[in-house]
Amino acid sequence: MSLTVSEAIKLNSYSNFRLIAGHRGLNRAIERVGFLDWEVVPQTDDKYPQTKASFVEGEFALCSMLFAKDHPERILDAVKILERNRLSGLAVKNIYYNELPEEVIRFADEKAFPIFIFHSTYFEDIMTETTDKIRSIGNSNLLESKIDLLIKANLNKTVIRDIALEINRSFQESFLVVYAKGKRDTSNLMILNRAEEIRKDRTFKPCDTVARYQNGLLFIATFEKLEPSQMQMKAESLLRMIKADPEEYYIGISNLHTNLNELGAGINESLSAEKSGEVFPGGSVYFKDIGADPF
């Protein structure tokens, strides 16, 4: 998963953005945010300031067009350089330009290179929020890869425990796993945002973990001790906390486990129970009720 331009413009700091060209390129991935005015301007002839280009593929450029304040003919050369360096897009603050020359719009549309005009928002706010989201996505991707290891690799119990404690050093021994997948298509960014909201909930415990996994939410709840008779009550409490309504989600719930070495098995149980719920809809599905062999 990566942050695409179409997902970035849903962030708060992008609320004033107006797309003026390159709408076919909104699926480009943003790797970082940079400032065009501070880093580089085109150097096609002596009219341009002598600064050195420093671009990274996937960079999203913010700009005031200071270098083209009185020279709109410079803008096309600048955009060509950005597109040639495979940047993800350009956002121009309307300090000097409310619109860009028609030849720039045509070029950006032809190359599917997104260009936006925006106002009011500070460059620093856009950069901070975007960088935070990119970092959050990176952490989520790492967590998803560790979950994949737990459920797909043939690991011994010691390695399983080590990976579990890499996921969360505060995990306790007893645990159950809930997996909730929306019945309607949901973007990865929306799932990630939901996971972040859950972590901020006052009832969320340091010994628990919630993660985006395969277009759904995976919740690992651990306990110092949990009696089997308390399991259903606890599972229902978790569903209320993550706001997983069975009318909107397919929900799978693992067996209760009392040894962290079995975390991979518990995750697999929740995924299998959720899959069963997709085939036979009817509310939350407990792994113990689907008649499958233990993992």
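Residues numbered from 1 in each chain as written. Predicted model: local features only at pLDDT ≥ 70, side-chain atom pairs only at ≥ 80, totals over all residues. Heavy atoms only, no water.

Undergrad: Summarise the layout of surface pockets; cite the residues concerned and give the values.
TA: Taken as a whole, the largest pocket holds about 290 Å³ of empty space. Residue lining of the largest pocket: 15 residues in total, with Gly182, Thr186, Met190, Ile191 and Tyr249 positioned closest to the centre. Counting only elements with at least two residues in the lining of the largest pocket, the list comes to strand E6 (174-182), helix H7 (188-200) and strand E8 (216-223). In the lining of the largest pocket, the residues fall into five nonpolar, four polar and six charged. Volume-wise, the second largest pocket comes out at about 150 Å³. Taken together, Ser136, Asn139, Ser140, Leu142, Leu143, Lys146, Glu166, Ile167, Leu192 and Arg199 make up the lining of the second largest pocket. Those elements that provide at least two residues to the lining of the second largest pocket are helix H5 (123-152), helix H6 (157-167) and H7. Partitioning the lining of the second largest pocket into residue classes produces four nonpolar, three polar and three charged. (1 Å grid on protein atoms, 1.4 Å probe; cavity = no way out; pocket = protein on both sides within 12 Å on 5 of 7 lines; lining within 4 Å. Points joined across faces, edges and corners; volume = space filled by probe spheres on them. Helix = DSSP H or I, 4+ residues; strand = E, 2+ residues; numbered from the N terminus. Nonpolar A, V, L, I, M, F, W, Y, C, P; charged D, E, K, R; others polar.)

Undergrad: Explain a nonpolar patch on the surface residue by residue, including any values.
TA: Together, Leu66, Ile95 and Tyr96 make up an exposed nonpolar region whose accessible area comes to about 280 Å². Position of Tyr96 relative to the elements: it lies in the loop between strand E4 (89-93) and helix H4 (102-111). (Patch = residues over 30% accessible without salt bridge, like charges linked within 9 Å, V, L, I, M, F, W, Y side chains within 5 Å. Areas by Shrake-Rupley, 256 points an atom, 1.4 Å probe, with all protein chains shown as cover. Salt bridge = Lys/Arg side-chain N within 4 Å of Asp/Glu carboxyl O.)

Undergrad: So what's going on with the sheet that holds E6? Residues and values would help.
TA: What the five strands build is an open sheet, ordered E7-E8-E6-E9-E10; its pairing is mixed. The strands lining the two open edges of the sheet, one partner per strand, are strand E7 (209-213) and strand E10 (285-286). As judged from the five bridges shared by E7 and E8, these two strands associate in the antiparallel manner. Looking at E8, one finds that Thr209 is bridged to Ile220. Its contacts with the sheet place H7 against E7 and E8, and it is angled at close to 180 degrees to E7. (Pairing = 2+ DSSP bridges. Contact = heavy atoms within 4.5 Å. Axes fitted to C-alpha atoms, helices over the stretch in contact; angles between N-to-C directions.)

Undergrad: Residues and numbers for empty space enclosed by the protein, please.
TA: With the rule as written, the count across this model stands at one cavity of 30 Å³ or more. Empty space within the largest cavity amounts to approximately 30 Å³. Residue lining of the largest cavity: Lys183, Pro246, Tyr249, Tyr250, Ile251, Gly277, Pro281, Gly282 and Gly283, and that is the complete set. Element by element, the count of residues in the lining of the largest cavity is highest for strand E9 (residues 249-253), at three residues. Of the residues belonging to the lining of the largest cavity, the class tally is five nonpolar, three polar and one charged.

Undergrad: Give a detailed account of the packing of H5 against H6, specifying residues and quantitative values.
TA: The relative placement of two packed helices is expressed as an angle between their axes plus a distance between the axes. In contact at an axis separation of 10 Å, H5 and H6 are set at 160 degrees when each is read in the N-to-C sense. Here H6 runs roughly antiparallel to H5, going by the angle between their axes. As H5 packs across H6, the resulting crossing turns out to be left-handed. Between H5 and H6, the contacting residues are Leu143, Lys146, Ile147, Leu149 and Leu150 on the first element and Ile160, Ile163, Glu166 and Ile167 on the second. For the contact of H5 with H6, the residue count by class is seven nonpolar, no polar and two charged. (Parallel < 35°, antiparallel > 145°, perpendicular 65-115°, else oblique. Left-handed = near helix turned anticlockwise from the far one by under 90°.)

Undergrad: Report on the pairing of strand E5 (residues 115-118), specifying residues and quantitative values.
TA: Each regular strand shows side chains that alternate between the opposite faces of the sheet. With burial as the criterion, each face of E5 is covered, one bearing Ile115 and Ile117 and the other bearing Phe116 and Phe118. In this sheet, E5 lies alongside strand E1 (residues 18-21) in antiparallel orientation, the contact comprising three bridges. The partner of Leu19 across the bridge, within E5, is Phe116. With four bridges connecting them, E4 and E5 associate as parallel partners. Opposite Leu90, over in E5, you have Ile115 as the bridge partner. On the question of chirality, the crossover connecting E4 to the parallel E5 by way of H4 is right-handed. (Buried < 20%, exposed > 50% of the residue type's maximum accessible area, 1.4 Å probe, protein only. Right-handed = clockwise from strand over helix to strand, strands pointing away.)

Undergrad: Describe helix H3 (residues 74-84), with residues and values.
TA: With eight of its 11 residues buried, H3 lies for the most part within the structure. For H3, every residue scored as buried is listed here: Arg74, Ile75, Leu76, Ala78, Val79, Ile81, Leu82 and Glu83. Arg86 sits one or two residues past H3 and shows a positive phi near 60 degrees.

Undergrad: Would you mind going over the packing of aromatic side chains in detail, with residue names and values included?
TA: The final tally for this structure, using the stated rule, is eight aromatic pairs. Their ring planes at 45 degrees and their centres at 4.6 Å tell us that Tyr14 and Phe17 sit as a pair that is tilted. Note on Tyr14: relative accessible area 2%, which makes it buried. Classification of Phe17 as buried rests on a relative accessible area of 13%. An aromatic cluster is defined as three or more aromatic residues linked by ring pairs; in this entry it consists of Tyr14, Phe17, Phe35, Phe60, Phe116, Phe118 and Phe123. (Phe/Tyr/Trp six-rings, centres within 6.5 Å; stacked < 30°, edge-to-face > 60°.)

Keep in mind that these numbers describe shape and distance, not what the molecule does.
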